[in-house]
Amino acid sequence: MAERVALITGSLAEPRIARIAEAIADEALHPVVINIGVKVAALMTAEIVERRLKLPEGIDRVVMPGRFRGDLDRLAAHFGIPFARGPEEAADIPDYFGKGKGQADLSRQEVLLFAEIVDATRLSVEGLVARARQLTAEGADVIDLGALPDEPFPQLEEAIAALKAEGFRVSVDSFDTRELARATRAGADFLLSLNETTLDIAKEGPAVPVLVPAKQGDLPSLLRAIETCEARGQAFLADPILDPIHFGFTSSLVRYAELRRLKPDIPILMGIGNVTELTDADTTGINAILMGVISELHLNAVLAVQVSPHCRTAVREFDRARREFYAAREARSLPQGFGGGLMALRDRKPFTTTPQEVARLAGEVTDRAYRIEVTQDGIHVYNRDGHHVAAEPFALFPHLKVEADGAHAFYLGVETARAEIAFQLGKRYAQDEPLRWGVAGSTGGQVDEAHKLTFKEAGSTLSDKKQAAQKGAQSD
């Protein structure tokens, strides 16, 4: 028999939830939409639910709105069946019930992530340790100390010892063979970058060499270095070197493919900085494409750098990319629907409602509090006194009648500006919540706080934020 699941909603959302319930019903799932008799079910307390909810016979479990913050355990005990909190947006209900891809398992990955500190020679040991902690928190597995040409690195040994003492794996990248020899003797885990003429440095300590061509594009020299390590029983990584766009980029991709064809079982590293750092484009998309190459060729390691400000989240992005693409490949799937961590500028489902649905909701509102929504035709602002649609906030302001209420005007300005960004880019907007930028940007909002802000007047929203700011100032 199909599982009977009660979807609790209010009168404003009921028609939308009913259409979704009809679409997801099948032989295994029978959704039952229950209007609990309030306009916005998410704002109810557990006490209200206990008084108002009348469950039909045969309900197996109850799903409350995602922004409902009442005590689910209390409700389960009261009604004698399980209660759960659903997704925050009605548009995500199909995924919640497994009618989409659902939540991907991103705990697994197979690519070792090196993060380079390019100016390591200019930082103190304490500064290097602090930077290493930050990069590790963003996903790095190995901290790469980049030495600068013609700059001494007197703190090299001390830095390696301090990083190793904190549990970090360390690599050192230098054109100075003397620095590489010092690094392996000091206990570095990897050396970047050795070729067939400098490979003997690897004999001076335990560090694993990362092999590169002796000259740009010289794959035969890289193969000779690989074969030397294989003959010695020396562990290694091989890097054919990814070249910048218009300076050999396509040919360098071919070299990676050719090396994998010739050496199907060796570990291969790709350094991505020549493309991410030297291209004026958002790194989320670049990293996704490069991760696609890495995933298809089963490359084993990547070296990321964050020198240019536009690359400042490259490590975080690549950590997410290696997890999403691994999950997609294991599922024999396109890299779609596996978390969307690299969807920084746009969302696949930016609009959670239609203009017609908003117009119907606006016609039922009986209070003065402004609701703000975004659909494909623009920014909607409505309350009991009117419903206005525009592409930008300045066209809306004359209709809102808040010239004498500075706090309310400020609040509506902030929210309609967010809505404008969402509308222009094609991102999902939810009133009183920050826009989501994937792993490329952190947000200040807390999901657990959303219920305190939704559908409230500007004064209460602003006072909540003002009180939080005052508490922070007092703690300082």
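Attention here is on the structure that accompanies the text. (Residues numbered from 1 in each chain as written. Predicted model: local features only at pLDDT ≥ 70, side-chain atom pairs only at ≥ 80, totals over all residues. Heavy atoms only, no water.)

Re the sheet that holds strand β2 (residues 29-35)
The strand order across the open sheet formed by 4 strands is β2-β1-β3-β4, and the pairing between neighbours is parallel. Edge positions in the sheet fall to β2 and β4 (83-85), since each of these pairs with one other strand and no more. Direction aside, the axes of adjacent strands within the sheet are offset by 30° on average. Bridging between strand β1 (residues 3-9) and β2 involves 7 bridges; their strand directions are parallel. Within β2, the residue paired with Thr 9 across the bridge is Asn 35. Against the sheet, helix α1 (residues 14-24) touches β1 and β2, its axis set at about 170° to β2. On the sheet, helix α3 (residues 72-79) packs against β3 (61-64) and β4 and is oriented at approximately 150° with respect to β4. (Pairing = 2+ DSSP bridges. Helix = DSSP H or I, 4+ residues; strand = E, 2+ residues; numbered from the N terminus. Axes fitted to C-alpha atoms, helices over the stretch in contact; angles between N-to-C directions. Contact = heavy atoms within 4.5 Å.)

Regarding the packing of helix α9 (residues 249-262) against helix α11 (residues 283-297)
At a closest axis distance of 10 Å, the pairing of α9 and α11 adopts a crossing angle of 20°. By the criterion of interaxial angle, the relationship of α9 to α11 is roughly parallel. Here α9 and α11 pass one another in a crossing that is right-handed. Only Leu 290, Val 293 and Leu 297 of α11 make contact with α9, whose side of the interface consists of Phe 249, Leu 253, Tyr 256, Ala 257 and Arg 260. (Parallel < 35°, antiparallel > 145°, perpendicular 65-115°, else oblique. Left-handed = near helix turned anticlockwise from the far one by under 90°.)

Focus: the nonpolar core
In terms of nonpolar packing, the biggest core is built from 66 residues, with Leu 145, Leu 211, Ile 226, Leu 259 and Leu 290 touching the most fellow members. For Leu 211, the residues in contact, after removing those within four places along its chain, are Leu 194, Leu 199, Leu 222, Ala 225, Ile 226, Cys 229, Phe 236, Leu 237, Ala 238 and Asp 239. Ranked by size, the runner-up nonpolar core spans 19 residues in total, among them Ile 8, Val 32, Ala 41 and Val 62. (Core = buried A, V, L, I, M, F, W, Y, C linked by side-chain atoms within 4.5 Å. Buried < 20%, exposed > 50% of the residue type's maximum accessible area, 1.4 Å probe, protein only.)

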